[in-house]
Amino acid sequence: MFPRTIQSKNIGKDCKAAIFPSQNPAIPSSQLSEDQLIKIFRRFDTNEDGLLSKEEVKSAYNMLGKSFPGVRTWWALHVGDENKDGYISQEEFNKLVKKNYLT
């Protein structure tokens, strides 16, 4: 039963770094290019409205196989939603990633 390994849902083991490069220690999130950040944001913006909703953020954490996705989502919105509209914009997302708040 133990040790238990957690694998990301709906993606292969080798795909984590491609979807969210800050998971790769060779690429610190503070060094992601603007283009990389835009691609990551668009990957999780499933309804393509230019904003990440609570559900989209939680889905992203689930997809990445992170523990406690609900708590992580609450924290991301708490610290990242600067204008308190309930969504994370591309600019807010970029700041969260560069501060390592999403890992």
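Please read all numbers here as calculations on a predicted model, not as lab measurements.

Okay, the environment of Ile 40 next. Here Ile 40 lies in helix 2 (residues 34–44). Separated by 54 residues in the primary sequence, Ile 40 and Asn 94 place their C-alpha atoms 9.7 Å from one another.

Looking now at the nonpolar core. Residues Phe 44, Leu 52, Ala 76, Ile 88, Phe 93, Val 97 and Leu 102 are the most contacted members of the largest nonpolar core, which totals 18 residues. Those elements giving two or more residues to this core turn out to be helix 2, helix 3 (54–63), helix 4 (69–80) and helix 5 (90–98).

Here the focus is the packing of aromatic side chains. Ring pairs (aromatic) are described by centroid distance and by the angle formed between their planes. Taken as a whole, this structure holds 2 aromatic pairs when the rule is applied. Seen from their ring centres, Phe 41 and Phe 93 are 5.5 Å apart, and the 65 degrees between their planes marks the pair as edge-to-face. Within this pair, whereas Phe 41 is found in helix 2, its partner Phe 93 is found in helix 5, the two being separated by 52 residues in sequence. Comparing Phe 41 with Phe 93 shows no difference in burial state: the two are buried. Ring geometry for Trp 74 and Trp 75: centres 6.1 Å apart, planes at 45 degrees, overall tilted. The exposure class assigned to Trp 74 is exposed, which follows from its relative accessible area of 53%.

Criteria and thresholds
Residues numbered from 1 in each chain as written. Predicted model: local features only at pLDDT ≥ 70, side-chain atom pairs only at ≥ 80, totals over all residues. Heavy atoms only, no water. Helix = DSSP H or I, 4+ residues; strand = E, 2+ residues; numbered from the N terminus. Core = buried A, V, L, I, M, F, W, Y, C linked by side-chain atoms within 4.5 Å. Buried < 20%, exposed > 50% of the residue type's maximum accessible area, 1.4 Å probe, protein only. Phe/Tyr/Trp six-rings, centres within 6.5 Å; stacked < 30°, edge-to-face > 60°.

That's the geometry; what it means functionally is another story.
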